[in-house]
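Chain residues, written in single-letter form:
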Amino acid sequence: MKPASAILALLAAAAATAGAQQRLPQECRAEIVALCPMGGGLRDCVRAALPKLSENCRKAISDRAGANAVRPEGMTELAYGSDPKQRIDFVRPVLNRTVPLIVHIHGGGWSIGDKTHAIGAKAAHFNGLGWAFASVNYRLVPAATVEQQAGDVASAVAYLRAHAIERGLDPDRIVLMGHSAGAHLAALVASDPAYFKAAGVPMAAVRGVVLLDGAGYNVTQQMARPGNMVSGMYDAAFGRDPRRQAALSPTRHAAAPNVADWLIMPVATRRDSTAQSSALAAALTRAGTRATVVPVPDTNHAALNRQLGVAGDFATGRVDAFLAGLR
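Residues numbered from 1 in each chain as written. Predicted model: local features only at pLDDT ≥ 70, side-chain atom pairs only at ≥ 80, totals over all residues. Heavy atoms only, no water.

**Considering the overall build of the protein chain**
Defined as follows: Strands are runs of DSSP state E lasting at least 2 residues, helices are runs of H or I lasting at least 4, and numbering of each runs from the N terminus. Classification of residues uses two cut-offs on accessible area relative to the type maximum, computed with a 1.4 Å probe and protein chains only: under 20% is buried, over 50% is exposed, and between them is partly exposed. Residue contacts are counted whenever heavy atoms from the two residues lie within 4.5 Å of one another. Each accessible area is a Shrake-Rupley result for a 1.4 Å probe, and residues are judged covered by the shown protein chains and nothing else.
A count of helices and strands for the protein chain gives 15 helices and eight strands. A total of 327 residues make up the protein chain; the buried ones form 54% of that total. Sequence separation of 24 or more characterises 75% of the internal contacts of the protein chain that already satisfy a separation of 6 or more. In the structure as shown, the protein chain presents an accessible area of about 13400 Å², 54% of it carried by carbon and sulfur atoms.

Encoded structure:
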């Protein structure tokens, strides 16, 4: 399944004559149909049109996609800024000691998505291993820039560190984890020191990075790739200025300093994700950073994220081993 394909499937179902409970609000369906009339090429059209939908429509899609999300017992919502999107879902294990923290960043092509999508089995699984779990919302394109999104991620980490004592957290043992566009943001914040510096977060406080099937680590290269089916999302997020594209490319920031340990997990059948993952890991390794690429077999873009935390899952086992080996 391609990036954002779970959302695209939802859009297609909403635009089609699906059951009433599966439908989006009428105004949103009308927007989709106006941009992408029913017929051949609907899926490709929606990929390009997603950033053009109204904020209310994109919010409705996010809400619908996360409608079945189950919030673990004890999970609370925290505000790290004044914008309604600057929110964190947080839950920690019931342990009488400080615990390390995983900060998860959702995907959605930089223009859609919600922190509830990231929870799944992850929170309970990582709590069971003794880790607190936080899922972060951030402002979305086009209302915000990618630079502001990366700043939101850094600010969320800064907020959690500032409240570490009351939340029972070790402020210097944090792992960033991101899926799809969230993987790009995690990689950008973990490689370009400007974001953590602005937020007052020491780079060394983040011990590791886990990237789940991102493909935007070299933005310029990805946008130039023939047949890029999500070019509309990239155009809306990064524009056409080569200097800005380079500045938002984690691979271009691979020179030290970086977060020290990286686990990069592309879907094995996705050529763009595996190629970009390998290039990022090679650049990090040349700079003295520990970076491992583990292609994930027998899965797709959406399932990799959805299954993380499920017993017996291949990717979950590799993430668990990575966490256990952090210094």
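**Digging into the pattern of salt bridges**
Under the convention used in this document: Each salt bridge in this description consists of a side-chain nitrogen of Lys or Arg and a carboxyl oxygen of Asp or Glu lying within 4 Å of one another.
All told, the structure shown has 12 salt bridges when counted by the stated rule. Residue Arg 240 pairs with Asp 235 through a salt bridge whose shortest N-O separation is 2.8 Å. Classification of Arg 240 as exposed rests on a relative accessible area of 61%. Across the pair Arg 243 and Asp 241 runs a salt bridge whose closest N-O atoms are separated by 3.5 Å. Connected through shared salt-bridge partners, Asp 213, Arg 225, Arg 270 and Asp 272 make up one network.

**Some words on the sheet that holds strand β4 (residues 132-136)**
We count it as follows: Note on pairing: two strands pair once DSSP finds at least 2 bridges between them. Here the axes come from fitting lines to C-alpha atoms, over the contacting stretch only for helices, and the angles between their N-to-C directions go from 0 to 180 degrees.
Across the sheet, eight strands lie side by side as β1-β2-β4-β3-β5-β6-β7-β8; this open sheet has mixed pairing. Every other strand in the sheet has two partners, leaving β1 (76-79) and β8 (290-293) as the edge strands with one partner each. The sheet shows a mean angle of 20 degrees between the axes of neighbouring strands, direction not considered. By the bridge criterion, five bridges tie strand β3 (residues 99-105) to β4 in an arrangement that is parallel. When the bridges of β4 are listed, Ile 105 appears paired with Val 136. Helix α6 (residues 146-162) rests against β1, β2 (87-91), β3, β4 and β5 (169-179) of the sheet, and its axis sits at about 155 degrees to β5. The sheet strands contacting helix α15 (residues 314-324) are β3, β5, β6 (206-212) and β7 (261-265), and the helix crosses β7 at an angle near 175 degrees.

**Points about the packing of aromatic side chains**
The geometry of an aromatic ring pair comes down to the distance between the two centres and the angle between the two planes. Selection rule: Geometry of aromatic contacts follows a simple scheme: Phe, Tyr and Trp rings, the Trp one being its six-membered ring, pair when their centres are within 6.5 Å, and the pair is stacked under 30 degrees between planes, edge-to-face over 60, tilted otherwise.
Per the stated rule, a full pass over the model turns up four aromatic pairs. Aromatic pair Trp 110 and Phe 238: ring centres 4.9 Å apart, planes at 80 degrees, arrangement edge-to-face. With Trp 110 in the loop between β3 and α5 (122-128) and Phe 238 in helix α11 (residues 231-238), the pair connects residues that are 128 residues apart, well separated along the chain. Phe 238 matches Trp 110 in its accessibility class, with the two residues each being buried. Measuring from ring centre to ring centre gives 6.4 Å for Phe 126 and Phe 133, while their planes differ by 10 degrees; the resulting arrangement is stacked. For Phe 126, a relative accessible area of 0% gives the class buried.

**Some remarks on the state of the cysteines**
Each disulfide consists of one covalent bond between the sulfur atoms belonging to two cysteines. Rule in force here: In this description, the term disulfide denotes a pair of cysteine sulfurs within 2.5 Å.
As enumerated under the stated definition, the model contains one disulfide in all. Put simply, Cys 28 and Cys 57 are joined by a disulfide, and their sulfur atoms are 1.9 Å apart. On the sign convention where negative means left-handed, the S-S torsion of about 55 degrees between Cys 28 and Cys 57 marks this disulfide as right-handed. In this pair, Cys 28 sits in helix α2 (residues 26-35) while Cys 57 sits in helix α4 (residues 55-65), placing the two residues 29 residues apart along the sequence. With respect to class, Cys 28 is no different from Cys 57; both count as buried.

**Observations concerning the nonpolar core**
A general tendency of soluble globular proteins is for nonpolar side chains to be buried together. Put simply, the rule reads: What makes a nonpolar core is a set of buried Ala, Val, Leu, Ile, Met, Phe, Trp, Tyr and Cys residues whose side-chain atoms join them at distances within 4.5 Å.
Formed by 70 residues in total, the largest nonpolar core has its most connected members in Ile 88, Leu 176, Leu 211 and Trp 262. Broken down by element, this core gets its largest block of residues, nine residues, from α6. Core analysis: the second largest hydrophobic core is formed by 24 residues, Ile 102, Val 175, Phe 322 and Leu 323 among them.

**Some details on α6**
To keep things clear, this is the line we draw: How far a helix is expected to stretch is found by multiplying one less than its residue total by 1.5 Å.
Under the 1.5 Å per step criterion, the end-to-end length of α6 is 24 Å for 17 residues, consistent within 8% with the ideal 24 Å. Of the residues making up α6, those classed as buried are Val 146, Gln 149, Ala 150, Asp 152, Val 153, Ala 154, Ala 156, Val 157, Ala 158, Tyr 159, Leu 160 and Arg 161.

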